[in-house]
Amino acid sequence: MEQPSQYNAVLRAIHWLTALVVIGLFAVGLWMVDLTYYSTWYKTAPYWHKSIGILLLGLTVFRLVWRTIKGTPQIVGNRLERAGAHAAHHLIYVLLFVIFASGYLISTSDGRAIEVFNWFEVPALGELFPDQSDIAGAIHYYAAFTLIGLAVLHAAAALKHHYIDKDNTLRKMIGDKSL
């Protein structure tokens, strides 16, 4: 298979949608931890957070399959930059799946399924180990902060390539047809 010169429209759309959703879920997650039982958002915010998180999981799996089938453009830069970019991309996916798994473990430790926008339910496995919610909660929290930090580095690297190196790294992800 010939390597494409830029990301296809599907991967570009998923990339930017994922970025917006991750930032939104992170912000809502930080806000939710301070909600009290008497807040009108106490049940609504987690319901939306979990539902959107499950949909993002499905989209992420689709994204990985799609990029395997369609391919992605070559990463530019010196050997160290290319290795760093590959490592960062892999770590982003690992962190996403750690966040998905820990969120599932938090949400289902009481034996209740996760209801996704009244469309379907993700069945619960219940409590698989002692203090599951607390341990998974800590993992979820720190993985989310790590993901956001890595996303900031990812964006900074793209801007560095665009403005300092003046290469096509960022243009490949925004669909610039002049490549």
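The model shown is predicted, which means the values in this text are computed figures rather than measured ones.

1. A closer look at the UniProt feature "transmembrane region" (unreviewed entry) in the protein
Move 1: The UniProt record marks residues 12–33, 45–66, 87–106 and 139–159 with the feature "transmembrane region" (unreviewed entry), using the residue numbering of this structure.
Move 2: In residues 45–66, helix accounts for 100% and strand for 0%; the two terminal C-alpha atoms are 31 Å from one another.

2. Section: unusual backbone geometry
Move 1: Even without being a glycine, phenylalanine 117 presents a positive backbone phi close to 50°.
Move 2: Take phenylalanine 117: it is sitting in the loop between strand 1 (114–116) and strand 2 (120–122).
Move 3: Owing to a relative accessible area of 16%, phenylalanine 117 belongs among the buried residues under this scheme.
Move 4: Even without a glycine there, the phi angle at lysine 166 is positive, about 55°.
Move 5: Position of lysine 166 among the secondary structure elements: in the loop between helix 4 (132–165) and helix 5 (169–174).

3. A closer look at the nonpolar core
Move 1: Val22, Leu56, Ile92, Leu95, Leu96, Ile99 and Leu147 are the most contacted members of the largest nonpolar core, which has 15 residues in total.
Move 2: When residues of this core are traced back to their parent elements, those giving at least two are helix 1 (9–32), helix 3 (79–108) and helix 4.
Move 3: Residues within four places of leucine 147 in sequence aside, it is in contact with Val22, Ile92, Leu95, Leu96 and Ile99.
Move 4: Among the nonpolar cores identified, the runner-up in size contains eight residues, and Ile54, Phe117, Val122 and Ala136 belong to it.

4. Some points on the environment of valine 122
Move 1: If you trace the backbone, valine 122 turns up in strand 2.
Move 2: Placed 14 residues apart in sequence, valine 122 and threonine 108 show a C-alpha to C-alpha distance of 9.2 Å.
Move 3: Residues in contact with valine 122, not counting those within four places in the same chain, are Ile54, Tyr104, Ala113, Ile114 and Val116.

5. Focus on the UniProt feature "domain: Cytochrome b561 bacterial/Ni-hydrogenase" (unreviewed entry) in the protein
Move 1: Within the UniProt annotation, "domain: Cytochrome b561 bacterial/Ni-hydrogenase" (unreviewed entry) is assigned to residues 7–175.
Move 2: Structurally, residues 7–175 is divided into 72% helix and 4% strand, and its ends, taken at the C-alpha atoms, are 7 Å apart.

6. Some details on the side chain of serine 107
Move 1: Considering the arrangement of structural elements, one finds serine 107 in helix 3.
Move 2: Of note is the side chain of serine 107, whose polar atom sits 2.9 Å from the backbone oxygen of glycine 103.
Move 3: Once residues lying within four places of it in the same chain are set aside, the contact partners of serine 107 are Lys50, Arg112 and Ile114.

7. Some details on the confidence of the model for the protein
Move 1: Taken over all residues, the pLDDT of the protein has a mean of 94, while the share at 70 or more is 98%.
Move 2: Looking at the elements of the protein, mean pLDDT is at its lowest for helix 5, recorded as 85, and at its highest for strand 2, recorded as 98.

8. Overview of the packing of helix 2 (residues 44–70) against helix 3
Move 1: Their axes nearest at 11 Å, the elements helix 2 and helix 3 cross at an angle of 145°. Like other packed secondary-structure pairs, helix 2 and helix 3 cross with a definite hand, here left-handed. Contact with helix 2, carried on its side by Lys50, Gly53, Leu56, Leu57, Thr60, Val61, Arg63, Leu64 and Arg67, involves Tyr93, Leu96, Phe97, Phe100 and Ser107 of helix 3 and no other residues of that element.
Move 2: Its residues assigned to classes, the contact of helix 2 with helix 3 comprises eight nonpolar, three polar and three charged.

Thresholds applied
- Residues numbered from 1 in each chain as written.
- Predicted model: local features only at pLDDT ≥ 70, side-chain atom pairs only at ≥ 80, totals over all residues.
- Heavy atoms only, no water.
- UniProt positions renumbered as here; feature names shortened; annotations may be inferred.
- Helix = DSSP H or I, 4+ residues; strand = E, 2+ residues; numbered from the N terminus.
- Buried < 20%, exposed > 50% of the residue type's maximum accessible area, 1.4 Å probe, protein only.
- Core = buried A, V, L, I, M, F, W, Y, C linked by side-chain atoms within 4.5 Å.
- Contact = heavy atoms within 4.5 Å.
- Polar contact = N/O pair within 3.5 Å; in protein donor to acceptor, adjacent residues only side chain to side chain.
- pLDDT = per-residue confidence, 0-100.
- Axes fitted to C-alpha atoms, helices over the stretch in contact; angles between N-to-C directions.
- Left-handed = near helix turned anticlockwise from the far one by under 90°.
- Nonpolar A, V, L, I, M, F, W, Y, C, P; charged D, E, K, R; others polar.

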